[in-house]
Each structure stands twice: as C-alpha cells, then as structure tokens.
Amino acid sequence: MIQTWAADITPLLEEEIYQKYYNTVPQFRQNKADRIRFERDRAQSIGAWVLYQRMQETYEIDDEAVFNLSHSGKYVLCSVEDTGKKQVKLGCDVEMVGTAGEKIARRFFCPAEAGYIMGRPEGEERNQAFYRYWVLKESFMKATRLGMGLDMRSFEIGFDEKDVPVLMKKPVEMARDYYYKEYPELNREARIAVCSTEKIFAEKLHIEML
C-alpha cells in the first residue's frame, strides 16, 4: 500500500526548532540544506526528510523502501510503499494553489487538458483546475523517474465517471499501468496527487505535526 503524509514546516522557520530537527537528519541531508540560500527552502528540505524518517519508523521500512518527497510553500509531502515491494514506481507532488498558468497549460499540456482548465470560470475554479492538473502531471513524471526530461504532451490525463484521474495516454515504452490518488485534506489551499504502479493507496492523508 502507498502511504502518504504531509506536514506544515512553519515551525521550522524558528531557528531553535530548525536546529532541533536539523540535528536528527543524516549528514548528507544537512549538507544539502546548508547549500540552500533561503530559509523556507532549507526548512522544506529538512522537514521533508524528518517526515520520511517518521514514516520509516511508523511502518518499519528500511532504506531500500520505495519513497518520494515533495514540497511547496509551507507544506512537505512524503509517500512510501509500506510492504517492501522494490519494483513499485512512485511519485508524489504538492503545490500551493496560486493563479492558473494559462500560458503553461496551452503550451505544455495536451489540448484536452488545457481545454479542461480553460473551460472553467476565471478565478478560483480555474486556478484549482490548473493546479489539479499540475500535480497529476508532475507526480507521473516523478514516478517514471524521468522528471522534466519527459515531454508533458507525451502522456494525457483524463477523469472517469467518478472524477477519478485516469492515464489516458502514455509513452509506449512505459508498459506498466499507473494509478492515481488525490487528497483534499489541505482544504483547497494546496493540491496533492500521488501516482504509482501500486494501485492500493491509503484512503486518507495523514497530517503530521512538526
């Protein structure tokens, strides 16, 4: 099963709390954080790894377990496969909702995807539609491990009769099936999507306190 946790890293913006958590992560993660210029970005880096470590302890998974991290604004996100399946592909993404990137949608998304977004009324509804698609696209790209090296028009996402995301088209070399899970628990402030070749997901998002 794919488990997904989120946390608000706002407390880590206080230096004392940041140092407390900084001291709990491995040296390589400390080094990565030390190279980051901005305070919030450092807090995201450390906070995401703290979240992962807590999931490791909770689900008793080792360093070989499949996992993925994401962060945006005040939120960090971690998804893990909790049964030790090594061949699972997994990607997760969280994005704070801002203004719809209409030019991005027209240029980089599939025509049907852009049409879905632009067909929504301007304002909150269109913003939500854009960021819904953004995290769905990004989570698949992360699951394939190709990231931004994958043409965003080489795969297309639609929705079934229950409004569940479905991968309608993907590159022919990616023969495995991919499944989606969305989590609404952040109250439309941020969008979350998880994509995996494992089709069983935790029903609810766990929100961890830091």
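The rules behind these values
- Residues numbered from 1 in each chain as written.
- Predicted model: local features only at pLDDT ≥ 70, side-chain atom pairs only at ≥ 80, totals over all residues.
- Heavy atoms only, no water.
- Buried < 20%, exposed > 50% of the residue type's maximum accessible area, 1.4 Å probe, protein only.
- Helix = DSSP H or I, 4+ residues; strand = E, 2+ residues; numbered from the N terminus.
- Arc of directions from axis to C-beta.
- Contact = heavy atoms within 4.5 Å.
- Pairing = 2+ DSSP bridges.
- Axes fitted to C-alpha atoms, helices over the stretch in contact; angles between N-to-C directions.
- Disulfide = S-S within 2.5 Å.
- 1 Å grid on protein atoms, 1.4 Å probe; cavity = no way out; pocket = protein on both sides within 12 Å on 5 of 7 lines; lining within 4 Å.
- Points joined across faces, edges and corners; volume = space filled by probe spheres on them.
- Nonpolar A, V, L, I, M, F, W, Y, C, P; charged D, E, K, R; others polar.

S.K.: Give me the lowdown on helix α2 (residues 27-34), citing residues and values where you can.
M.R.: Of the residues making up α2, those classed as buried are Arg29, Gln30 and Ala33. Seen along its axis, α2 keeps its buried residues to an arc of 105°; they face one direction. Where α2 is buried, its residues contact α1 (15-22), α3 (39-59) and β2 (67-72).

S.K.: Tell me about the sheet that holds strand β8 (residues 190-196), residues and numbers included.
M.R.: The three strands lie next to each other as β4-β8-β7, forming an open sheet whose pairing is antiparallel. Looking at which strands have only one partner, the edges of the open sheet turn out to be β4 (90-96) and β7 (179-182). Each strand axis lies, on average, 15° off the axis of its neighbour in the sheet, ignoring direction. Two strands pair when backbone bridges link them, and β4 and β8 are joined in this way by seven bridges, in the antiparallel orientation. Within β8, the residue paired with Cys92 across the bridge is Val194.

S.K.: Explain the state of the cysteines residue by residue, including any values.
M.R.: All chains considered together, the criterion is met by zero disulfides. Looking at the unpaired Cys78, the closest cysteine sulfur is the one in Cys92, lying at 6.5 Å. Note on Cys110: no disulfide assigned, nearest cysteine sulfur contributed by Cys195 at a separation of 14 Å.

S.K.: Account for the environment of Met152, with residues named and values stated.
M.R.: Relative to the helices and strands, Met152 resides in the loop between α6 (124-143) and β5 (156-159). Each C-alpha atom of the pair Met152 and Lys137 lies 7.3 Å from the other, and the pair is 15 residues apart in sequence. When sequence neighbours within four positions are dropped, the list of residues in contact with Met152 reads Phe108, Phe109, Cys110, Trp134, Lys137 and Met141.

S.K.: Talk me through the layout of surface pockets; I want residue IDs and the actual numbers.
M.R.: Put simply, the largest pocket is a space of about 210 Å³. Among the secondary structure elements, those contributing two or more residues to the lining of the largest pocket are β6 (165-169) and β7. Per-element accounting of the lining of the largest pocket gives the leading share, five residues, to β6. In terms of residue class, the lining of the largest pocket is made up of nine nonpolar, no polar and four charged. In terms of lining, the second largest pocket is formed by Arg29, Lys32, Ile36, Asp41, Gln44, Ser45, Ala48, Leu69, Ser70, His71 and Lys142. For the lining of the second largest pocket, the secondary structure elements donating two or more residues are α2, α3 and β2.

S.K.: Could you give me a rundown of α1, with the residues and numbers involved?
M.R.: Those residues of α1 that sit buried are Tyr18, Tyr21 and Tyr22. Mapping the buried residues of α1 onto a view down its axis gives an arc of 105°, with all of them on the same face. α1 presents Glu16 and Lys20 as exposed residues on the side facing more than 90 degrees away from its buried surface. On its buried face, α1 is in contact with α2 and α3.

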